[in-house]
Amino acid sequence: QVQLVESGGGLVQAGGSLRLSCAASGRTFSNYAMGWFRQAPGRVREFVSAINRSGGSTYYADSVKGRFTISRDNAKNTVYLQMNSLSPEETAVYYCEARYEYGSSWWRKRDEYLYWGQGTQVTGSS
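Residues numbered from 1 in each chain as written. Predicted model: local features only at pLDDT ≥ 70, side-chain atom pairs only at ≥ 80, totals over all residues. Heavy atoms only, no water.

**Let's talk about a nonpolar patch on the surface**
Put simply, the rule reads: A patch is a set of surface residues, each over 30% in relative accessible area and not in a salt bridge, joined within 9 Å for like charges and within 5 Å for the nonpolar side chains Val, Leu, Ile, Met, Phe, Trp and Tyr. Accessible surface area values rest on a Shrake-Rupley calculation with a 1.4 Å probe, where residue burial reflects the displayed protein chains alone. Here, a salt bridge means any Lys or Arg side-chain nitrogen found within 4 Å of an Asp or Glu carboxyl oxygen. The way it works is that DSSP assigns letters per residue, a run of H or I at least four long becomes a helix, a run of E at least two long becomes a strand, and they are numbered from the N terminus.
A grouping of Tyr-100, Tyr-102 and Leu-114 is seen on the molecular surface, where their side chains present a nonpolar patch of about 310 Å² in accessible area. Note that Tyr-102 resides in the loop between β9 (92–99) and β10 (115–116).

Next comes the structure, spelled out in structure tokens:
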């Protein structure tokens, strides 16, 4: 079993940066690929970014590519999402999620993630 706790959300002005953290419990963190999803009011939960178990492969939604960077520190059981050049379009609750690696395009298949946290609110102001 994995418990995930997100932190680092908040209010940022347009063009600002924010770093989200997701702390995982247990000793099996390295068994899981990790992803970040976000959900805005009235919208479906959408894929943002993902990273494989070793951290050697990363994936991004086209909308955030070049601005967001995902990373992980398996020694600390933590995954991060560095978000730069933020705008109001990034306003959403961000969720950290865990899953096994398998299948094509595994990183963006929301229904196959096994665990998720409570989320952290990110608000971009103009």
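**Topic: the nonpolar core**
This is how it is decided: Think of a nonpolar core as a cluster: buried Ala, Val, Leu, Ile, Met, Phe, Trp, Tyr and Cys residues, connected wherever their side-chain atoms sit within 4.5 Å. Exposure is judged per residue with a 1.4 Å probe applied to protein chains only, and the accessible area is read against the type maximum: over 50% gives exposed, under 20% gives buried, and values in between give partly exposed. Only heavy atoms matter for contacts: two residues are in contact if any of them lie within 4.5 Å across the pair.
The biggest cluster of nonpolar side chains holds 33 residues, and the ones touching the most others in it are Met-34, Trp-36, Phe-68, Val-79, Leu-81, Met-83 and Tyr-94. Taken together, the elements giving at least two residues each to this core come down to β3 (18–24), β4 (33–39), β5 (46–51), β7 (68–73), β8 (78–83) and β9. Setting aside chain neighbours within four positions, we find Phe-68 in contact with Arg-38, Val-48, Tyr-60, Leu-81, Gln-82, Met-83, Asn-84, Leu-86, Glu-90 and Tyr-94.

**Structural notes on the pattern of salt bridges**
Scanning all chains against the criterion turns up 8 salt bridges. Residue Arg-45 is joined to Glu-97 by a salt bridge in which the shortest nitrogen-to-oxygen separation is 3.2 Å. One end of the pair, Arg-45, is in the loop between β4 and β5; the other, Glu-97, is in strand β9, and 52 residues separate them in sequence. We classify Arg-45 as partly exposed; its relative accessible area is 24%. Arg-99 serves as the salt-bridge partner of Glu-112, at 2.9 Å between the closest nitrogen and oxygen. Here Glu-112 is found in the loop between β9 and β10, whereas its partner Arg-99 is found in strand β9, with 13 residues between them in sequence.

**Section: the packing of aromatic side chains**
The condition is simple: For Phe, Tyr and Trp, rings pair up if their centres lie within 6.5 Å, where Trp contributes its six-membered ring, and each pair is then called stacked (planes under 30 degrees apart), edge-to-face (over 60) or tilted (otherwise). In this analysis the charged atom, NZ for Lys or CZ for Arg, is taken to sit over a ring once it is within 6 Å of the ring centre and within 35 degrees of the ring normal.
Evaluated as defined, the whole model comprises 7 aromatic pairs. On the basis of an interplanar angle of 5° and a centroid distance of 3.8 Å, the ring pair of Tyr-59 and Trp-107 is categorised as stacked. With Tyr-59 in strand β6 (residues 58–60) and Trp-107 in the loop between β9 and β10, the pair connects residues that are 48 residues apart, well separated along the chain. For Trp-107, a relative accessible area of 22% corresponds to the partly exposed category. Here Trp-106 and Trp-107 contribute two aromatic rings whose centre-to-centre distance is 5.7 Å and whose plane-to-plane angle is 85°, an arrangement assigned as edge-to-face. Taking the relative accessible area as the measure of exposure, Trp-106 reaches 6% and is therefore buried. Three or more aromatic residues joined by ring pairs make a cluster, and in this case those are Tyr-32, Tyr-100 and Tyr-115. Directly above the aromatic system of Tyr-113 lies the positively charged group of Arg-99, at a separation of 5.4 Å from the ring centroid.

**What to know about the side chain of Asn-77**
Considering the arrangement of structural elements, one finds Asn-77 in the loop between β7 and β8. Discounting residues that sit within four places of it in the chain, Asn-77 has contacts with Cys-22, Ala-23, Ala-24, Gly-26 and Phe-29.

**Observations concerning the sheet that holds β8**
How we decide: Strands pair, by our definition, only if DSSP identifies at least two bridges between them. Interaxial angles span 0 to 180 degrees and are taken between N-to-C directions of axes, which are lines fitted to C-alpha atoms, for helices over the stretch in contact.
If you walk across this open sheet you meet the 4 strands as β1-β3-β8-β7, and the pairing is antiparallel. Here the strands that pair on one side only, and so sit at the sheet edges, are β1 (4–7) and β7. Sheet twist, expressed as the mean angle between neighbouring strand axes with direction ignored, is 15°. Pairing analysis gives 6 bridges linking β7 to β8, with the strands arranged antiparallel. When the bridges of β8 are listed, Asp-73 appears paired with Thr-78.

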